[in-house]
Amino acid sequence: MSKIGVGIIGASPLRPGWAVAAHLPALASLPDYELRAVATSSEASAKAAGDAYGVPAYSDPSLLIARPDVDLVVVTVRLAHHHALISQAVAAGKMVMSEWPLGVDIAQSTDIAARVTKTDLWTLIGLQARMAPSIRYARDLVEQGYVGKVLGTAIVGSGIAWTTVSDSAHTYMFDAQSNASLLSVPVMHAIDAMQFVVGDLTDVRATSAVRNPVIRLADTEQDIQSTTPDHLAIAATLESGAVASIFYRGGTSRGENFRWEINGSDGDLVLTSPVGNLQVLAPNLFGGRGEDAAVAPLDIPSEYDLGTGSLEGPGANVARLYAAFARDLRDGTPGATAPDFAHALRLHRTLDGIAHAAASGVAQTLGQGR
């Protein structure tokens, strides 16, 4: 297979974001990919990007999408722009990698997925937490009976953002209409990993609240009102009948910022991380069973790294995601390892159900394949 030519929309070195921190290092570490072009939001940032990365750079993303040497368009911009950019790339016959969430709401996500189904294009959604070696190994341990019958599972996490101090570049995160929320981002990344390991949520109850209604913008010393809930609690059952709970708060904790327990009839698995955004950093894995009095660190076999080498930090899980996508391409098995837009739509339906449960106070029944 020849190298996959990549064009990244949203890779400004003047305001480095997720593309610079994770996607560029990930792609540079993998022999299957080659960066061919970037697009940013202004002429100044495009010039800086071209100088920094040594590839053609544009302030108009349509010029990137039109390039014949770009096989895969990577969308790493604000959620509000996803639908238009992805639709344009699909219309141009390009494979697309989009950061999660796919669309602002279920309607946009459904439309994007429908556009793709009319083509034979391959897609990739940025749900890379499931690619972490510790999470993939935990899945296999559960399937192999390490914990016995899964009785329950619980996650407690911190979302970092959605706290009392932010900056003007992130004001959209405090507007409920933008849907770049505690629920849609860190919680759904965690739930995707949970469902990957122990199965899907079915009946869901939820409650949420805006506990920090006033946000100070540190760069302008102005206050804004937040309409986005910064605390969320979910109680659910899994398809297996096991009980699940997820609690997330904005900001960080002086205690643990991420802890996930999987409790079974014969043993327990525990995953922990200093970062509540599970997609950013692979968690540590602990286990204990039988006569063990406590959990202990588990050694993860090297094959769970998916051949991404020694890359560490935010780019590591993203590299594993891209590596899995390239392997699926070689094998002709779309979505077999790397999640695609069809998977993203299923997760959006789960997101929509949780949001309705939290807003209405009425339990929601979810139905989807794993």
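On a predicted model such as this, the values are computed, not experimentally measured, just so you know.

## Some thoughts on the overall build of the protein chain
Argument step 1. Of regular secondary structure, the protein chain possesses nine helices and 18 strands.
Argument step 2. In terms of C-alpha radius of gyration, the protein chain reaches 20 Å, essentially the compact-globule figure of 21 Å for 370 residues.
Argument step 3. Along the longest, intermediate and shortest principal axes, the C-alpha atoms of the protein chain span 60 × 50 × 40 Å.
Argument step 4. Counting over 370 residues, the protein chain shows a buried share of 51%.
Argument step 5. Contacts in the protein chain between residues far apart in sequence, at least 24 positions, make up 70% of those at least 6 positions apart.
Argument step 6. Carbon together with sulfur atoms contributes 51% to the accessible area of the protein chain, which is approximately 15500 Å² in total.
Argument step 7. One finds the centroid of the 26 positive side-chain charges in the protein chain at a distance of 2 Å from the centroid of its 37 negative side-chain charges.

## As for the pattern of salt bridges
Argument step 1. Evaluation of the coordinates by the stated rule reveals eleven salt bridges.
Argument step 2. In this structure, D223 engages R216 in a salt bridge whose closest nitrogen and oxygen atoms are separated by 2.5 Å.
Argument step 3. With relative accessibility at 35%, the residue R216 sits in the partly exposed group.
Argument step 4. A network of salt bridges, in which partner residues are shared, links E256, R259 and E261.

## Thoughts on the side chain of H82
Argument step 1. Position of H82 relative to the elements: it lies in helix α4 (residues 82–91).
Argument step 2. Polar side-chain contacts of H82 include one of 2.9 Å to the backbone oxygen of P101.
Argument step 3. At a separation of 3.2 Å, a polar atom in the side chain of H82 contacts the main-chain carbonyl oxygen of L102.
Argument step 4. Once you skip the residues sitting within four places of it in the chain, H82 turns out to touch V75, V77, S87, S98, E99, P101 and L102.

## Here's the deal with the pairing of strand β9 (residues 201–209)
Argument step 1. Two elements, β9 and strand β12 (residues 231–238), share seven bridges in a ladder whose sense is antiparallel. When the sheet's bridge partners are listed, A206 is paired in β12 with I234.
Argument step 2. Pairing between β9 and strand β18 (residues 364–365): two bridges, direction antiparallel. Bridging across to β18, V204 finds its partner in Q364.

## Overview of the sheet that holds strand β8 (residues 165–166)
Argument step 1. The strand order across the open sheet formed by three strands is β8-β10-β11, and the pairing between neighbours is mixed. Either end of the sheet is taken by a strand with one partner, and the two such strands are β8 and β11 (222–225).
Argument step 2. Alignment of strand β10 (residues 214–217) against β11, held across four bridges, turns out to be antiparallel. Residue pairing across strands places R216 opposite D223, the latter belonging to β11.

## Thoughts on the environment of I65
Argument step 1. When you line up the elements, I65 lands in helix α3 (residues 61–65).
Argument step 2. For the pair I65 and A92, spaced 27 residues apart in sequence, the C-alpha separation works out to 7.2 Å.
Argument step 3. Not counting residues within four places of it along the chain, the set of residues in contact with I65 comprises I9, V73, L85, Q88, A89, A92 and K94.

## Overview of the packing of aromatic side chains
Any pair of aromatic rings gets described here by the distance separating the centres and the angle formed by the planes.
Argument step 1. Applying the stated rule across the entire model yields three aromatic pairs.
Argument step 2. Ring plane angle 75° and centroid distance 6.3 Å describe the contact between W122 and F325, whose orientation is recorded as edge-to-face. Remark: F325 occurs in helix α8 (residues 315–331) and W122 occurs in the loop between α5 (106–117) and β6 (123–126); sequence separation between them is 203 residues. Across this residue pair, the class does not change: W122 and F325 are buried.
Argument step 3. Measuring from ring centre to ring centre gives 5.1 Å for Y137 and Y304, while their planes differ by 55°; the resulting arrangement is tilted. Taken together, the positions of Y137 in helix α6 (residues 133–143) and Y304 in the loop between β17 (296–297) and α8 put the pair 167 residues apart, joining distant regions of the chain. Residue Y137 shares its accessibility class with Y304, and that shared class is buried.
Argument step 4. Between R139 and the ring centre of F196, over which it is positioned, the NZ or CZ distance is 4.3 Å.

## Things to note about the environment of A11
Argument step 1. Mapped onto the elements, A11 comes out in the loop between β1 (4–9) and α1 (18–28).
Argument step 2. By relative accessible area, which is 0% here, A11 ends up buried.
Argument step 3. Put simply, A11 and V75 are 64 residues apart on the chain and 9.5 Å apart in space, counted from C-alpha to C-alpha.
Argument step 4. Once residues lying within four places of it in the same chain are set aside, the contact partners of A11 are A19, V20, V38, A39, T40, A49 and Y53.

## Some details on the pairing of strand β14 (residues 258–264)
Argument step 1. The two faces of β14 differ: F258, W260, I262 and G264 on one face are buried, but R259, E261 and N263 on the other face are not.
Argument step 2. Where strand β7 (residues 150–158) meets β14, seven bridges bridge the pair, whose relative direction is antiparallel. Each bridged residue has a counterpart across the sheet, and for T153 the counterpart in β14 is I262.
Argument step 3. As paired strands, β14 and strand β15 (residues 267–273) are joined by six bridges and run antiparallel to one another. In the strand pairing of β15, W260 is matched with L271.
Argument step 4. The antiparallel pairing of β14 with β15 creates a hairpin that spans two residues between the two strands.

## Quick word on α5
Argument step 1. Compared with an ideal rise of 1.5 Å per residue, which puts twelve residues at 16 Å, α5 spans 16 Å between its outermost C-alpha atoms and is within 8% of the ideal.
Argument step 2. Taken residue by residue, α5 has S109, I112, A113 and V116 as its buried positions. Seen end-on, α5 carries its buried residues on one side only, within an arc spanning 95°.
Argument step 3. Where the residues of α5 are buried, they touch α4, β6 and α9 (341–360).
Argument step 4. Regarding α5, its N-cap is D105, as a side-chain oxygen of that residue lies 3.2 Å from the backbone nitrogen of A107 further along.

Basis of the calculations
- Residues numbered from 1 in each chain as written.
- Predicted model: local features only at pLDDT ≥ 70, side-chain atom pairs only at ≥ 80, totals over all residues.
- Heavy atoms only, no water.
- Helix = DSSP H or I, 4+ residues; strand = E, 2+ residues; numbered from the N terminus.
- Rg over C-alpha atoms; globule rule 2.2 N^0.38 Å.
- Buried < 20%, exposed > 50% of the residue type's maximum accessible area, 1.4 Å probe, protein only.
- Contact = heavy atoms within 4.5 Å.
- Areas by Shrake-Rupley, 256 points an atom, 1.4 Å probe, with all protein chains shown as cover.
- Lys, Arg positive; Asp, Glu negative; His and termini not counted.
- Charge placed at Lys NZ, Arg CZ, Asp CG, Glu CD.
- Salt bridge = Lys/Arg side-chain N within 4 Å of Asp/Glu carboxyl O.
- Polar contact = N/O pair within 3.5 Å; in protein donor to acceptor, adjacent residues only side chain to side chain.
- Pairing = 2+ DSSP bridges.
- Phe/Tyr/Trp six-rings, centres within 6.5 Å; stacked < 30°, edge-to-face > 60°.
- Lys NZ or Arg CZ within 6 Å of the ring centre and 35° of its normal.
- Expected span 1.5 Å × (residues − 1).
- Arc of directions from axis to C-beta.

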